Amino acid sequence: MITINASTHDNASLCEMIKQAKDDVKISHCLGERFLGVGLKDRYIEIDGTPGNALGAYLNGGSVKVNGNAQDAVGDTMNAGTIVIYGNAGDAVGYAMRGGKIYIKGNAGYRAGIHIKAYKEKFPVIVIGGRCGSFLGEYQAGGLIIVLGLCKSEKNVTGNFPCTGMHGGRVLIRGDVSKITFPEQVSVGEATEEDMNTAMPYIKEFCSLFGYELSEVLGSAFTAVKPNSANPYKQMYVEN
Amino acid sequence: MKADYLYPEFEIIRNEALCTKCRLCEKECSNGVHAFLPEKGILIADSAKCVNCMRCVATCPVHAIKIVKSGADFTYNANWTSDVIREIFKQSATGGVLLSSMGNPKPLPVYWDKILINASQVTNPSIDPLREPMETKVFLGKKPSTVMRDEKGKMILNTPPSLELSLPVMFAAMSYGSISYNAHECLARAATELGTFYNTGEGGLHQNFYKYGSSTIVQVASGRFGVHKDYLEAGAAVEIKMGQGAKPGIGGHLPGSKIVDDVSKTRMIPIGSDAISPAPHHDIYSIEDLRQLVFSLKEATDYKKPVFVKVAAVHNIAAIASGIARSGADAIVIDGFRGGTGAAPTRIRDNVGIPVELALAAVDERLRQEGIRNDVSLIVSGSIRSSADVIKAIALGADACYIATAALVSLGCHLCRNCQSGKCNWGIATQRPELVARLDPDEGSERLVKLLTAWKREIKEFMGAMGINSIEALKGNRLMLRGIGLSETELKVLGIKHAGE
């Protein structure tokens, strides 16, 4: 593994060094450097500190681990691979993600999992350990988002307007959702056995990554949110 | 019997004396207009289903068919026009938002037609393009204002990435899904042969077309359909679509019925699922955010490819373009309010946005004033209909133009404006295999090559007449233009004098 001290390089050369490295990379003293690991298709990158926006955008394989918080647009348009964040993530995590997995120990910001989509063997998964901001899973077209709410907070597990425009995939929310308002296009109900079977490998991986007891995580009920239709806007138009 | 408020807009007239009852019209019409009555031995036509695409007219071997505007029209009214009445009927019956296609057909000013081009007489000789070399080549991308030299005084060639075009015309973004596989193949092959570029649109790039990558601009829109590392690397440039002239501020929506097998593969979404492009990119709420996407795309493509940003021409376009020029983008695409579409809400298409001529003039002027014009190239689109429009656009400040409707017309589109139905009889705006097969990629690509070859000749004629032998020398050369019948405000925005001045 190659170790790079981020504080001794500018952003562009840091990105270039990661690209050029033939081996796994460990970055220390990271402080807001953007575009780390963009488009990587193999290898492992570990980051100490706080990477900047667009961490692992267009990620095409391999894995990224952050020992700290991440900023906005983690895993933007990601196609494959794994991103693990031992802290919180900013807004728009996993924007339009098509494949791969993102695990966040803490909270996620606004628009987590917006427009994630699945295709054939590609099945994107985002697991958020804490709570998330408004517009969770907006325009979701496929894949799975799990919000565990493993944090002490007065607030709801999700912010306002979750799953607006959702037309595919599913969202699983652990704990109380009674105060959350969902839009008309989705069905909200207790997670079925099939929902839980689909989610279980990812919940287990979350527990093993971040040191939670599976029994503790499964100790609260899960709610599943699914779209009513794959074509929610069909009836709105008349040909002219 | 309940009355149908919508009377047929067109009437099919068949010359029975000529008709041989070959029934080809019946086969050719995907709308089911023509039908054969065996007991009577005649062909009849249901005019209500006709969209006036003229396929039957064009294919009838004996020219026995013509389509006319139906005489059964509402009482003439310049205010409550037939269109207005029909639209109210349609909405009253369905409660639906009106959905249309192709560009704004309303009789709003076309500034291209109110601008005239100069020619040399006596004092500055014109040039004969048949004898003299004429340069129509342009480069799109940043143009550095300084030259860097090493310690020995040799130039350091570190120019930013750019595209080289043999003429200042490219094929604009039309996604696979909105148009057919064969239409895409025609555009890709023609662009390659012509030494210019075509644009994938936001629906991804079909695996078979990766081989045309060096002539391809790959688009990234808010839905990010089909966007992945290989796709970004496949193209010669990447275009971020922020907006479209036909529907500024509106997202895209390709209905699930059009997501058939191959379209599904290219978009990388399941068959039958709606392809929804949100109105904004929800990670871009500012110029700073745009800069982030520009640079994440540059990172993903190792800073080897220019990144374009496409926006619709709207009221504050000059300020918006100034922001985009500062975002790190290499080119700005401005799409005017006449730009085409595979489907857009009628009201938006016909009422939102501004003419590209005014937008272009305003943007070019603003970027010059701010001293950042050379930081970006300007590409304009939204109803560029001829080589004359191209010349006028360049003299108003554009580096190049995108054409789409003109390219489709070249392929056989008759502008019936029913793309949204997916039943295009010309094999262009459809995914039905039997209809797509009607567009022959060999013939289609050749027609496109011929069209732009003819335009290139005409462009050279214009240049020669003006005494200009390099298209670059015409860029922003507004002294070559004069307005006709324009108000002082219009002339001021266009930055041109009135004819005679």
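The paragraphs below set out a description of the structure included in this document. (Residues numbered from 1 in each chain as written. Chains lettered and ligands numbered in written order. Predicted model: local features only at pLDDT ≥ 70, side-chain atom pairs only at ≥ 80, totals over all residues. Heavy atoms only, no water.)

### What to know about the interface of chain A and chain B
For step 1, the next point in the chain: Contacts between the two partners involve 37 residues from chain A, matched on the other side by 47 residues from chain B.
For step 2, the next point in the chain: Taking both sides of the interface into account, the surface hidden between chain A and chain B amounts to around 3,700 Å²; carbon and sulfur atoms contribute 55%.
For step 3, the next point in the chain: Linking chain A with chain B are three salt bridges, by the criterion used here.
For step 4, the next point in the chain: For B:Glu299, the salt bridge is made with A:Lys19, and the minimal N-O distance between the two is 3.0 Å.
For step 5, the next point in the chain: Our count for the chain A to chain B interface comes out at 21 residue pairs in polar contact (both at pLDDT 80 or more).
For step 6, the next point in the chain: Of the residues forming the side of chain A that touches chain B, the biggest block, three residues, is contributed by strand 12 (residues 237–239) of chain A.
For step 7, the next point in the chain: Grouping the amino acids of the side of chain A that touches chain B by side-chain chemistry returns 19 nonpolar, nine polar and nine charged.
For step 8, the next point in the chain: Here three bridges tie strand 12 of chain A to strand 5 (residues 97–100) of chain B, and the two strands are oriented parallel to one another. Within the sheet, the bridge partner assigned to A:Glu239 lies in strand 5 of chain B and is B:Leu99. (Contact = heavy atoms within 4.5 Å. Buried area = accessible area lost by both parts, 1.4 Å probe. Salt bridge = Lys/Arg side-chain N within 4 Å of Asp/Glu carboxyl O. Polar contact = N/O pair within 3.5 Å; in protein donor to acceptor, adjacent residues only side chain to side chain. Helix = DSSP H or I, 4+ residues; strand = E, 2+ residues; numbered from the N terminus. Nonpolar A, V, L, I, M, F, W, Y, C, P; charged D, E, K, R; others polar. Pairing = 2+ DSSP bridges.)

### Things to note about the sheet that holds strand 6 (residues 115–117) of chain B
All names here are of chain B.
For step 1, the next point in the chain: As summarised here, the arrangement of the three strands in space is 6-20-21, forming an open sheet in which the pairing is mixed. Each edge of the open sheet carries a strand with a single partner, namely strand 6 and strand 21 (497–498).
For step 2, the next point in the chain: In terms of strand pairing, strand 6 meets strand 20 (residues 481–483) through three bridges, oriented antiparallel. In the strand pairing of strand 20, Ile-115 is matched with Gly-483.
For step 3, the next point in the chain: Here helix 11 (residues 387–395) sits on the sheet in contact with strand 6 and strand 20, set at roughly 90 degrees to strand 6. (Axes fitted to C-alpha atoms, helices over the stretch in contact; angles between N-to-C directions.)

### Regarding the nonpolar core
For step 1, the next point in the chain: In terms of nonpolar packing, the biggest core is built from 174 residues, with B:Phe171, B:Phe308, B:Ile332, B:Ile334 and B:Ile428 touching the most fellow members.
For step 2, the next point in the chain: With residues near it in sequence (within four places) discarded, B:Ile334 still touches B:Val311, B:Ala313, B:Ile317, B:Val356, B:Ala359, B:Leu360, B:Val363, B:Leu378, B:Ile379, B:Val380 and B:Ser381.
For step 3, the next point in the chain: The next biggest cluster of nonpolar side chains, apart from the first, holds 21 residues, and it includes A:Val84, A:Val125, A:Ile146 and A:Leu150. (Core = buried A, V, L, I, M, F, W, Y, C linked by side-chain atoms within 4.5 Å. Buried < 20%, exposed > 50% of the residue type's maximum accessible area, 1.4 Å probe, protein only.)

Read these as geometric descriptors, not functional statements.
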